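So you can see what is in the structure, the chains are spelled out below.
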Amino acid sequence: MSKIKDLMARGTELLGSDHAILCGAMSWVSERHLVSAISNAGGFGVIACGAMTPELLDVEIAATKALATRNFGVNLITMHPQLFDLIEVCAKHGVGHVVLAGGLPPKGSLEAIKASDAKVICFAPTLALAKKLVRSGVDALVIEGMEAGGHIGPVSTSVLAQEILPSLADEVPIFVAGGIGRGEAIAGYLEMGASGVQLGTRFVCATESIAHPNFKKAFLRASAREAVASVQIDPRLPVIPVRALKNAGTEAFTAKQREVANKLDTGEIDMLAAQLEIEHYWAGALRRAVIDGDVENGSLMAGQSVGMVSEEEGVADIIATLVQQAEMALHTRG
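Residues numbered from 1 in each chain as written. Predicted model: local features only at pLDDT ≥ 70, side-chain atom pairs only at ≥ 80, totals over all residues. Heavy atoms only, no water.

## Notes on the packing of helix 9 (residues 183-191) against helix 14 (residues 315-333)
- At their nearest, the axes of helix 9 and helix 14 sit 7 Å apart, and the two run at 55 degrees to each other. Taken together, helix 9 and helix 14 sit at an angle that is classed as oblique. Both helix 9 and helix 14 take part in a crossing whose hand is right-handed. Contacts between helix 9 and helix 14 pair G183, E184, I186, A187, G188 and E191 from the former with L322, Q325, A326, A329, L330 and R333 from the latter.
- Tallied by class, residues from the contact of helix 9 with helix 14 come to 6 nonpolar, 3 polar and 3 charged. (Axes fitted to C-alpha atoms, helices over the stretch in contact; angles between N-to-C directions. Helix = DSSP H or I, 4+ residues; strand = E, 2+ residues; numbered from the N terminus. Parallel < 35°, antiparallel > 145°, perpendicular 65-115°, else oblique. Left-handed = near helix turned anticlockwise from the far one by under 90°. Contact = heavy atoms within 4.5 Å. Nonpolar A, V, L, I, M, F, W, Y, C, P; charged D, E, K, R; others polar.)

In structure tokens, the structure reads:
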């Protein structure tokens, strides 16, 4: 067994894949074509449910099953108002892995997922929450640093890895995410105790990605410093920062926050409705960029590893390159 296979063994056993490399759930990007291509190439694709209705998720899972010959998962947002209906849709299709993102899972959600014998993978932005999730019975964790694209936490990947891996890597498989663009970084986190990794930005410009050519061109031209985090303008409105390439859409989000904060002040909406309105805003802004190609006014969610995305290439080649780089790094270090 090669060294990388040995270090990824717990991750690949959990996922049922050749490589413990998950694709981050990117709304509008992580859909049937990219998800199935990643799984078929030996990685692990994850459908981004995002703001989908149960009916839309039902169609997307069925379409992905028609293309995929290997396991894939579904990412669900914990604050989705129809979370339990979405869990039922996953169970109906026999989805084997459900990834929960966006905060502490609501009461009963883990049990609902496990009732269909599915594995539960949860995001943990802090050591305290990671320990709580492990106690609650999750099967694996994803620890994602602020270098990632889309919604981010306040702590860097390297610090999270140093805090969480030594404490919990022996208890559950842990996948590290955020700012990973090359195999050498994968090797480093595996040596620290991770069972695998998650990458999103690296797969956006895959040949199989349906992202608009304009969206891909923006990625290919961008440097790491151009992927910036959004600013929270009202401390009363807990908006999770989003990392994206700066454009006119970045300014539009500032105006949207003011609009939602005003509605909150007047009692027109409550806090949950305010957060959902922000989420729906992001879903629409991202669609404008990914699907319609409006890279000026849409949201160009990207991680800081965007500077390492230099060409459009097939998923199988991306995964093979990452694995080869990691294997060489591990071999060099002995």
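The structure having been displayed, the exposition proceeds.
## Points about the packing of helix 12 (residues 248-266) against helix 13 (residues 271-290)
- Two elements in contact, helix 12 and helix 13, have axes whose closest approach is 10 Å; the angle formed by their N-to-C orientations is 160 degrees. Relative to helix 13, the element helix 12 is oriented roughly antiparallel. Every pair of crossing elements has a handedness; the one defined by helix 12 and helix 13 is right-handed. On helix 13, the residues touching G249, A252, F253, K256, E259, V260, K263 and L264 of helix 12 are M271, A274, E277, I278, Y281 and W282.

## What about the nonpolar core?
- Residues L57, L76 and L141 are the most contacted members of the largest nonpolar core, which totals 112 residues.
- With residues near it in sequence (within four places) discarded, L57 still touches I47, C49, M52, V74, L76, L86, V89 and C90. (Core = buried A, V, L, I, M, F, W, Y, C linked by side-chain atoms within 4.5 Å. Buried < 20%, exposed > 50% of the residue type's maximum accessible area, 1.4 Å probe, protein only.)

## Looking at the side chain of K216
- Its place among the elements puts K216 in helix 11 (residues 213-221).
- Of note is the side chain of K216, whose polar atom sits 2.9 Å from the side chain of E312.
- What K216 contacts, discounting residues up to four positions off in sequence, is V204, C205, A206, T207, S209, A211 and E312. (Polar contact = N/O pair within 3.5 Å; in protein donor to acceptor, adjacent residues only side chain to side chain.)

## Details of helix 4 (residues 54-67)
- Helix length check: helix 4 (14 residues) gives 20 Å between terminal C-alpha atoms against 20 Å at 1.5 Å per residue, within 8%.
- Buried residues of helix 4: P54, L57, E60, I61, A63 and T64, and no others.
- Each element contacted by the buried residues of helix 4 is listed here: helix 3 (32-40), strand 2 (45-48), strand 3 (72-77) and helix 5 (83-92). (Expected span 1.5 Å × (residues − 1).)

## Comments concerning helix 5
- Three or more residues of helix 5 are buried, namely L83, L86, I87, V89 and C90. An end-on view of helix 5 places all buried positions within 155 degrees of arc, on one side of the element. In helix 5, the exposed positions angled more than 90 degrees off the buried face are occupied by E88 and K92.
- Where the residues of helix 5 are buried, they touch helix 4, strand 3, strand 4 (97-101) and helix 6 (109-114).
- Residue G94 follows helix 5 closely and has a positive phi angle near 70 degrees. (Arc of directions from axis to C-beta.)

## Structural notes on the environment of T12
- Along the chain, the position of T12 falls in helix 2 (residues 9-15).
- Accessibility expressed as a relative area gives 16% for T12, which makes it buried.

## A few points about the sheet that holds strand 8 (residues 174-177)
- An order of 1-9-8-6-5-4-3-2 is seen for the 8 strands of this open sheet, with the pairing classed as parallel. Each edge of the open sheet is held by one strand with a lone partner, namely strand 1 (21-23) and strand 2. When strand polarity is set aside, the average angle formed by the axes of neighbouring strands in this sheet is 25 degrees.
- Where strand 3 and strand 4 come together, 4 bridges link them in parallel fashion. Bridged to N75 within strand 4 is V99. (Pairing = 2+ DSSP bridges.)

## Notes on the pairing of strand 8
- Of the two faces of strand 8, both are covered, the one formed by I174 and V176 as well as the one formed by F175 and A177.
- Here strand 6 (residues 140-144) pairs with strand 8 via 4 bridges, running parallel. Residue pairing for strand 8: I143 is matched across the bridge by V176.
- Of the strand pairs in this sheet, strand 8 and strand 9 (residues 196-199) are connected by 3 bridges, and their pairing is parallel. When the sheet's bridge partners are listed, V176 is paired in strand 9 with V197.
- Considered for its hand, the β-α-β crossover made up of strand 8, helix 9 and strand 9 is right-handed. (Right-handed = clockwise from strand over helix to strand, strands pointing away.)

## Description of the packing of aromatic side chains
- One pass over the full model with this rule turns up 4 aromatic pairs.
- Measuring from ring centre to ring centre gives 5.6 Å for Y281 and W282, while their planes differ by 70 degrees; the resulting arrangement is edge-to-face. The two residues Y281 and W282 agree in class, both being buried.
- Taken together, F253, Y281 and W282 form an aromatic cluster joined through their ring pairs.
- One cation-aromatic arrangement involves R287 over W28; the distance from NZ or CZ to the ring centre is 5.2 Å. (Phe/Tyr/Trp six-rings, centres within 6.5 Å; stacked < 30°, edge-to-face > 60°. Lys NZ or Arg CZ within 6 Å of the ring centre and 35° of its normal.)

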